[in-house]
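Each chain, written out:
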Amino acid sequence: MKTALPPIPVERASGSRLFLSDGRVLVDGIASWWTACHGYNHVHIANALRRQIEIMPHVMFGGLVHEPALNLARRLAQLLPGDLDRVFFSDSGSVAVEVAMKMAIQYWLNRGERRRTRIVAFHGAYHGDTFGTMAVCDPVEGMHALFRGVLPEQIVTALPQSEETVLAFENLMAREAGSIAAILVEPLVQGAGGMLFHDASVLATLREIATRYGCLLIFDEIFTGFGRSGAMFACIGAGVTPDIVTLSKALTGGTLALAATIASSSVFEGFWSDEADHALMHGPTFMANPLACAAANASLDLFETEPRLAQVAAIESGLKEGLAPSRGRPGIADVRVLGAIGVVELEKIRDLEALRARFVGKNVWIRPFGKIVYLTPALSIDKEDLRLLTTAVCEVAAEEGQRLS
Ligand SMILES: *Cc1c(COP(=O)(O)O)cnc(C)c1O
């Protein structure tokens with residue numbers, strides 16, 4: 001982009017640190033879009049990758065199967081609540097959401113219900129950059145407004161979180177349910193659409209309404225999964241079980257591209273048929289890549305052998321304490337924290353690039369977007385580094401806020 005500062009050459013990464021080619025070292029506040037949950041270059045994942053690359057970095061997953069994928073599928077099924085135990089692997093978050101939507105629509109087609117072809121999604125949502133997922137992102141904030149008119153028409157509406165919006169959602173469903181395959185939501189935190197939080201009760205409402213109208217409920221946990229929102233998965237934290245879940249981002253501990261779409265047994269039953277064309281119509285080339293599955297298994301080991309969820313709780317208090325000085329300051333609209341997510345929302349950011357450069361000048365890697373300065377550090381970050389990050393956020397936000405007022 002002509003309007004952006006040139007990208008910064010980085011040579012090496014370790015723990016919560018980025019080592020730049022010019023010798024500078026940055027403390028990383030966002031863990032590469034919150035993927036590197038154990039910090040960079042964790043020796044346990046590196047060893048697992050080394051072992052797997054010697055044996056079989058890749059083999060096709062059509063007609064063949066392998067232990068790294070079977071093991072990972074079993075473990076994800078075990079970790080997820082209810083009967084979410086049928087796993088489909090793909091290679092990016094957007095594709096995992098595409099697969100979830102296709103699964104929901106084909107589920108109804110296989111049952112002979114040809115009218116249930118639409119997806120309901122919510123303002124503030126971000127579900128990916130492919131054409132199918134662009135249509136379920138926030139139509140204004142979601143980076144894709146340019147493509148309106150080219151995208152399939154989905155229903156994007158307000159989250160039912162007040163008396164008024166619950167009523168509006170009830171009315172919408174009463175009117176449209178016969179044409180709706182599934183309701184799609186990022187549970188507890190809408191991430192890249194603006195780091196917006198909502199209560200577990202909103203998800204309970206969605207579950208109740210989806211069940212009442214026979215629609216499927218999809219949780220996109222690509223942002224919230226693997227401890228980020230406090231519990232291992234937001235659906236566990238919220239105590240609400242969807243019919244389909246999508247995972248990616250931190251699935252391989254930030255090392256390789258891998259994603260999963262996990263369905264309940266009853267969704268799976270809709271495809272388990274004597275009719276060949278009832279099979280799920282999807283098959284990415286690098287489906288269940290063994291190297292990526294080995295990394296994901298090693299990442300899950302670390303959730304068992306290292307106290308990750310306790311670390312998230314400590315990060316949550318560190319963020320609350322560290323970002324508190326920003327609260328109520330001029331130009332600052334909101335400060336919010338959930339799990340290992342800390343957000344300072346300004347009334348406005350005039351020059352994003354300048355703000356980003358100010359952070360690099362303070363030797364931290366923090367990438368504000370929209371009106372948001374956020375932290376999603378490695379779950380293994382230590383107290384001192386976290387303190388450094390929150391101090392930098394408060395200082396830069398105060399400068400920017402002052403400038404506004
Ligand atoms: C990042 C993200 C996606 C898209 O994942 P990609 O791997 O970038 O395609 C989808 N949903 C959510 C909630 C995300 O945070």
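Cut-offs applied
- Residues numbered from 1 in each chain as written.
- Predicted model: local features only at pLDDT ≥ 70, side-chain atom pairs only at ≥ 80, totals over all residues.
- Heavy atoms only, no water.
- Helix = DSSP H or I, 4+ residues; strand = E, 2+ residues; numbered from the N terminus.
- Rg over C-alpha atoms; globule rule 2.2 N^0.38 Å.
- Buried < 20%, exposed > 50% of the residue type's maximum accessible area, 1.4 Å probe, protein only.
- Contact = heavy atoms within 4.5 Å.
- Disulfide = S-S within 2.5 Å.
- Expected span 1.5 Å × (residues − 1).
- Arc of directions from axis to C-beta.
- Near = heavy atom within 4 Å.
- Polar contact = N/O pair within 3.5 Å; in protein donor to acceptor, adjacent residues only side chain to side chain.
- Areas by Shrake-Rupley, 256 points an atom, 1.4 Å probe, with all protein chains shown as cover.
- Pairing = 2+ DSSP bridges.

**Considerations on the overall build of the chain**
Within the chain, the regular secondary structure consists of 13 helices and 16 strands. In terms of overall dimensions, the chain is globule-like: its C-alpha atoms have a radius of gyration of 21 Å, near the 22 Å expected for 405 residues. Seen through its principal axes, the chain has C-alpha atoms that stretch 60 × 55 × 40 Å. Residues counted as buried form 53% of the 405 residues belonging to the chain. Partitioning the contacts of the chain with sequence separation of at least 6, the portion at a separation of at least 24 is 71%.

**Side note on the state of the cysteines**
Overall, the coordinates contain 0 disulfides when judged by the stated rule. The thiol of Cys235 is unpaired, and the distance to the nearest cysteine sulfur, on Cys37, comes to 17 Å.

**Quick word on unusual backbone geometry**
In this structure, Ala288 takes a positive phi of about 55° despite not being glycine. Examined against the element boundaries, Ala288 turns out to sit in the loop between α9 (265-269) and α10 (290-305). Residue Ala288 is classed as buried on the basis of its relative accessible area, which comes to 0%. Despite not being glycine, Asn363 has its phi angle at roughly 60°, a positive value. Structurally, Asn363 can be placed in the loop between α12 (352-361) and β15 (364-365). The partly exposed category is assigned to Asn363, whose relative accessible area is 36%.

**Side note on helix α6 (residues 163-176)**
The terminal C-alpha atoms of α6, which comprises 14 residues, lie 20 Å apart, in line with the 20 Å expected from a rise of 1.5 Å per residue. Among the residues of α6, Thr165, Phe169, Leu172 and Met173 are the ones counted as buried. On an axial view of α6, the arc spanned by its buried residues comes to 95°, and they lie on one face. Within α6, the exposed residues directed more than 90 degrees away from the buried face are Glu163, Glu164, Leu167, Ala174 and Arg175. Next to the buried residues of α6 lie β5 (118-122), β6 (155-157), β7 (180-185) and α7 (200-212).

**So, the site of the ligand**
Near the ligand the following residues occur: Trp34, Ser92, Gly93, Ser94, Tyr126, His127, Gly128, Glu186, Asp220, Ile222, Phe223 and Lys249. The contact in question runs from an oxygen atom of the ligand to an N or O atom on the side chain of Ser94, over 2.6 Å. Against a free-state accessible area of 380 Å², the protein chains account for coverage of 84% of the ligand.

**Here's the deal with the pairing of strand β3 (residues 25-28)**
Where strand β2 (residues 17-20) and β3 come together, 3 bridges link them in antiparallel fashion. Bridged to Phe19 within β3 is Val25. Linking β2 to β3, which pair antiparallel, is a turn of 4 residues; within it Gly23 sits at a positive phi near 95°. One ladder, built from 2 bridges, connects β3 with β15; its direction is parallel. Each bridged residue has a counterpart across the sheet, and for Asp28 the counterpart in β15 is Trp365.

So, to be careful, I would describe these as geometric facts and stop short of saying anything about function.
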